[in-house]
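A look at the structure
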Amino acid sequence: SIVPMRQHSDLTTGSAQQLPSTLRLLAFVAGGVAATGSGMVYEDDGYTESYKESDYSEGHFSYSLLSDTDIRFTIDAAQGTFQGALSQRSYVIELRGIWPASSVEIDGKAVNRVLFDIPCIQPGGCFSFDGTYLSVIIHTVPLSTSSSHSIDIKMSGKLPASSLTANFAGHVRRMQKAKQLLDDQWGTSHTVHQMDYPSVLLGGEAGMRLSYSPTYEQTATELASLASTLGKAREEVQGLKIEDNLRTVVLQLLS
């Protein structure tokens, strides 16, 4: 499925009645070479009842797997129009649960890869990889809403099975929280040192490592070692001199 969303920066007072100049499209990529997904956004002027007279538009989006390493994401031309409809719009396309991309083309033109969380100022757009959520993120320049657009993504490896990627983000986020709780013991009567829980650190930083070194080999290694890292992290926490209630909470995060 594809879920259209506003960018976080657009979420301000009164923004519900303003058409977003940038639309975030969150796509959950299913496994299988024949897998497809789609989504739709409905828009009208936000003030009048002219939508009853068909003054509105619908934007349709879809993705399909062309091969076990190639994905095509399509933005269809808007259907319908209304007073104030946007003639151009930028998109942030996030495809979750896939390997890092080796290349991305927007309407047949290759765009550059940038580091995750770095503002995209590249002419023509750019792409990056969010290692925590195993997501390829593509930023487009403003595109005509009256035309269709194709974004072609070549992954660095065959589409991973959903069973391999499904729990990765959750485990990494929980290990990050466990690290924070243990770090917060610094200066208390139960101070512990990071050298005492290296596997908690290792797991919590997995997303960052992948974001800044987005390769198939690194990603496959992180996925394969996650279960072992969690087990070692639990053993480390069992041996820490911390309050029992905190130990219980941290172990639940690492379960």
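Worth saying up front: this structure is predicted, and the values here are computed from it rather than measured.

Thresholds, definitions, all that
- Residues numbered from 1 in each chain as written.
- Predicted model: local features only at pLDDT ≥ 70, side-chain atom pairs only at ≥ 80, totals over all residues.
- Heavy atoms only, no water.
- Helix = DSSP H or I, 4+ residues; strand = E, 2+ residues; numbered from the N terminus.
- Buried < 20%, exposed > 50% of the residue type's maximum accessible area, 1.4 Å probe, protein only.
- Contact = heavy atoms within 4.5 Å.
- Expected span 1.5 Å × (residues − 1).
- Bend = angle between axes of the 7 residues up to and from the residue.
- Disulfide = S-S within 2.5 Å.
- Axes fitted to C-alpha atoms, helices over the stretch in contact; angles between N-to-C directions.
- Parallel < 35°, antiparallel > 145°, perpendicular 65-115°, else oblique.
- Phe/Tyr/Trp six-rings, centres within 6.5 Å; stacked < 30°, edge-to-face > 60°.
- Lys NZ or Arg CZ within 6 Å of the ring centre and 35° of its normal.
- Pairing = 2+ DSSP bridges.
- 1 Å grid on protein atoms, 1.4 Å probe; cavity = no way out; pocket = protein on both sides within 12 Å on 5 of 7 lines; lining within 4 Å.
- Points joined across faces, edges and corners; volume = space filled by probe spheres on them.
- Lys, Arg positive; Asp, Glu negative; His and termini not counted.
- Salt bridge = Lys/Arg side-chain N within 4 Å of Asp/Glu carboxyl O.

1. Structural notes on the overall build of the protein chain
Counting its secondary structure elements, the protein chain contains six helices and twelve strands. Dimensions along the principal axes, computed over C-alpha positions, put the protein chain at roughly 70 × 40 × 30 Å. The buried share of the protein chain, taken over its 255 residues, is 43%. Look at the contacts in the protein chain between residues 6 or more apart in sequence, and 69% of them connect residues 24 or more apart.

2. Notes on helix α5 (residues 216-238)
Between its terminal C-alpha atoms α5 stretches 34 Å, which fits the 33 Å expected from 23 residues at 1.5 Å a residue. The sharpest bend along α5 reaches about 45° and sits at Leu-226. The set of residues buried in α5 consists of Thr-219, Glu-222, Leu-223, Leu-226, Thr-229, Leu-230, Ala-233, Glu-236 and Val-237.

3. What about the state of the cysteines?
Think of a disulfide as a covalent bridge from one cysteine sulfur atom to another cysteine sulfur atom. Under the defined criterion, the tally for this structure stands at one disulfide. Between the sulfur atoms of Cys-120 and its disulfide mate Cys-126 the distance is 2.2 Å. Among the residues examined, Cys-120 registers a relative accessible area of 27% and is labelled partly exposed. Overall, the relative accessible area of 0% leaves Cys-126 in the buried class.

4. Some thoughts on the environment of Met-155
Residue position: Met-155 is located in strand β12 (residues 149-155). Under the relative-accessibility criterion, Met-155 is labelled buried at 3%. Each residue touching Met-155, except ones within four places of it in the same chain, is listed here: Asp-68, Thr-69, Asp-70, Ile-71, Ile-98, Trp-99, Pro-100, Ala-101 and Ser-102.

5. So, the packing of α5 against helix α6 (residues 244-253)
Running from N to C, α5 and α6 cross one another at 180°; their axes reach a closest spacing of 10 Å. Comparing their axes, α6 and α5 come out roughly antiparallel. Between α5, through Arg-234, Val-237 and Gln-238, and α6, the contact on the second element is made entirely by Arg-247, Val-250 and Leu-251.

6. Overview of the packing of aromatic side chains
Taken as a whole and assessed by the stated rule, the structure comprises three aromatic pairs. With centroids separated by 6.4 Å and ring planes inclined at 70°, the aromatic side chains of Phe-61 and Tyr-91 adopt a geometry described as edge-to-face. Taken together, the residues span a long stretch of sequence, with Phe-61 in strand β4 (residues 57-65) and Tyr-91 in strand β6 (residues 88-96) at a distance of 30 residues. By relative accessible area, Phe-61 is classed as buried at 4%. A residue is classified by how much of its surface remains accessible, and Tyr-91, at 6% relative accessible area, is buried. Sitting over the ring of Tyr-133, Arg-96 keeps its end group 4.3 Å from the ring centre.

7. Brief notes about the pairing of strand β2 (residues 22-28)
On a regular strand, each side chain points to the face opposite its neighbour's, so the side chains alternate between the two faces of the sheet. Taking burial as the measure, the seven residues of β2 include six buried ones, the bulk of the element. Both strand β1 (residues 2-6) and β2 contribute to a ladder of five bridges, which runs antiparallel. The residue bridging Met-5 from the neighbouring strand is Arg-24, located in β2. Where β2 lies against β6, seven bridges are found, and the strand directions are parallel. Bridge assignment links Leu-23 to a residue of β6, and that residue is Tyr-91.

8. Quick look at the pairing of strand β9 (residues 126-130)
Buried residues dominate β9, accounting for five of its five residues. Of the two faces of β9, both are covered, the one formed by Cys-126, Ser-128 and Asp-130 as well as the one formed by Phe-127 and Phe-129. Two elements, strand β8 (residues 109-113) and β9, share two bridges in a ladder whose sense is parallel. By the bridge assignment for β9, Asn-112 is matched with Cys-126. Linkage of β9 to strand β10 (residues 135-139), two consecutive antiparallel strands, is achieved through a turn of four residues, within which Leu-134 is found at a positive phi near 50°.

9. A short note on the layout of surface pockets
Taken as a whole, the largest pocket spans an internal volume of roughly 320 Å³. Every residue lining the largest pocket is counted, 19 residues in all, and those nearest its centre are Val-92, Phe-116, Asp-117, Ile-137 and His-139. When residues of the lining of the largest pocket are traced back to their parent elements, those giving at least two are β6, β9 and β10.

10. Notes on the side chain of Glu-236
Structurally, the position occupied by Glu-236 is in helix α5. Of the buried charged residues, Glu-236 lacks a salt bridge, with Lys-232 as the closest side chain of opposite charge at 7.7 Å. For Glu-236, the contacting residues outside a window of four places in its chain are Asp-196, Tyr-197, Pro-198, Ser-199 and Val-200.

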